[in-house]
Amino acid sequence: MEQRGGNRRGQGELEAQVLTALRAAQEPVPAAWVLERLGGTLAYTTVVTILTRLHTKGVVTRRRAGRSFAWTAATGEAGLAAHRMRRVLDGESDREAVLASFVSSLPRQDEELLRRLLLEAGDDAPAGGGDV
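Residue positions within a chain follow its written sequence, with the count starting from 1. For this predicted model, a pLDDT threshold of at least 70 governs which residues receive local features, and a threshold of 80 or more governs which side-chain atom pairs are given and counted, while totals over whole chains, interfaces and linings are taken from all residues. With hydrogens and water stripped out, all remaining heavy atoms of the structure feed into the side-chain values.

1. Concerning the nonpolar core
- What we call a nonpolar core is a set of buried Ala, Val, Leu, Ile, Met, Phe, Trp, Tyr and Cys residues that are connected through their side-chain atoms within 4.5 Å. Think of it in three bands: with a 1.4 Å probe and only protein chains considered, a residue is buried below 20% of the maximum accessible area for its type, exposed above 50%, and partly exposed in between. With 20 residues, the main nonpolar core has Val18, Leu22, Val34, Leu38, Val47, Leu51 and Leu54 as its most contacted residues.
- Per the convention used, a helix needs a DSSP run of H or I reaching at least four residues, while a strand needs a run of E reaching at least two, with both numbered from the N terminus. Mapped onto this core, the elements with two or more residues apiece are helix H1 (11–24), helix H2 (31–38) and helix H3 (44–56).
- The dominant element in this core, judged by the number of residues it contributes, is H1, at five residues.
- Leave out the neighbours within four places in its chain, and Leu51 touches Val18, Leu22, Ala31, Val60 and Trp71. Contacts: residue pairs with any heavy atoms within 4.5 Å of one another.

Here's what the structure looks like:
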């Protein structure tokens, strides 16, 4: 994913840029459309690779359009960030320690927001419990 000229973008940065471009689209668009919006010197295959990765993550959807696909953002940058957070958490053996460390490092305002969101999610959970 290196651009000519030696500048290097992180995968997360490029994924966010691709999502931004897709959200600006009025309808499903081909990879070439995304490439045009990103500008620079990215290769078409790089854009297709990023779109495919985002599709695997459930962040974008695609439908057949001739021999290729038309792509649509299924979620925004917040959804992509949440997916990354979940992937990191899933990679750890001591989930409780990771979550405890995360929560204890939050500013008071974020901690209160998280508590409120968890309570709201609990209101939507089935009576027998659920993943909260």
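2. Side note on the packing of aromatic side chains
- Here the aromatic set is Phe, Tyr and Trp, taking the six-membered ring for Trp, and pairing holds for ring centres within 6.5 Å; pairs whose planes are under 30 degrees apart are stacked, those over 60 apart are edge-to-face, and all others are tilted. In this structure the tally under the stated criterion is one aromatic pair.
- Throughout this description, the term charge over a ring refers to an Arg CZ or Lys NZ atom that lies within 6 Å of the ring centre and within 35 degrees of the ring normal. Stacked on the ring of Phe69, the Lys or Arg Arg62 has its end atom at 4.1 Å from the ring centre.
- Here Arg64 stacks its cationic end above the ring of Phe69, 4.3 Å away from the centre of that ring.

3. A closer look at H2
- Among all positions of H2, only Ala31, Val34, Leu35 and Leu38 are buried. The buried side chains of H2 occupy one side of the element, clustering within an arc of 100 degrees when seen end-on.
- Phi turns positive, to about 65 degrees, at Gly39, one or two residues after H2. Of all possible arcs, the one meant is that of the directions from the helix axis to the C-beta atoms.

4. Some thoughts on the packing of helix H4 (residues 77–90) against helix H5 (residues 95–105)
- Under this scheme, a helix contributes an axis fitted over its contacting stretch, all axes are lines through C-alpha atoms, and angles between N-to-C directions fall in the 0 to 180 degree range. Where H4 meets H5, the closest approach of the two axes is 9 Å, and the angle between their N-to-C directions is 135 degrees. On the basis of the axis angle, H4 is oblique to H5. Each of Met85, Arg86, Leu89 and Asp90 in H4 lies in contact with H5, whose residues at this interface are Arg95, Val98, Leu99 and Phe102.
- Residues were grouped as follows: Ala, Val, Leu, Ile, Met, Phe, Trp, Tyr, Cys and Pro as nonpolar; Asp, Glu, Lys and Arg as charged; and all remaining residues, including Gly, as polar. The class makeup of the residues in the contact of H4 with H5 is five nonpolar, no polar and three charged. Put simply, angles under 35 degrees are roughly parallel, angles over 145 are roughly antiparallel, angles from 65 to 115 are roughly perpendicular, and the rest are oblique.

5. Topic: the pairing of strand E2 (residues 68–73)
- For two strands to be treated as a pair, DSSP must find no fewer than two bridges joining them. As defined by bridge partners, strand E1 (residues 60–65) adjoins E2 across six bridges and the pair is classed as antiparallel. Each residue of the ladder has a partner; that of Val60, found in E2, is Ala73.
- Following E1, the chain reverses through two residues before pairing antiparallel with E2; Gly66 in that reversal takes a positive phi of roughly 70 degrees.

6. Overview of the packing of H2 against H3
- Two numbers describe how H2 lies on H3: the axes approach to 9 Å, and their chain directions differ by 110 degrees. By the angle between their axes, H2 is roughly perpendicular relative to H3. Between H2 and H3 lies a crossing of right-handed hand. Residues Ala31, Ala32, Val34, Leu35 and Leu38 of H2 pack against Tyr44, Val47, Val48 and Leu51 of H3.
- By residue class, the composition of the contact of H2 with H3 is nine nonpolar, no polar and no charged. By convention the crossing between two helices is left-handed if the near helix lies anticlockwise of the far one by an angle smaller than a right angle, and right-handed if it lies clockwise.

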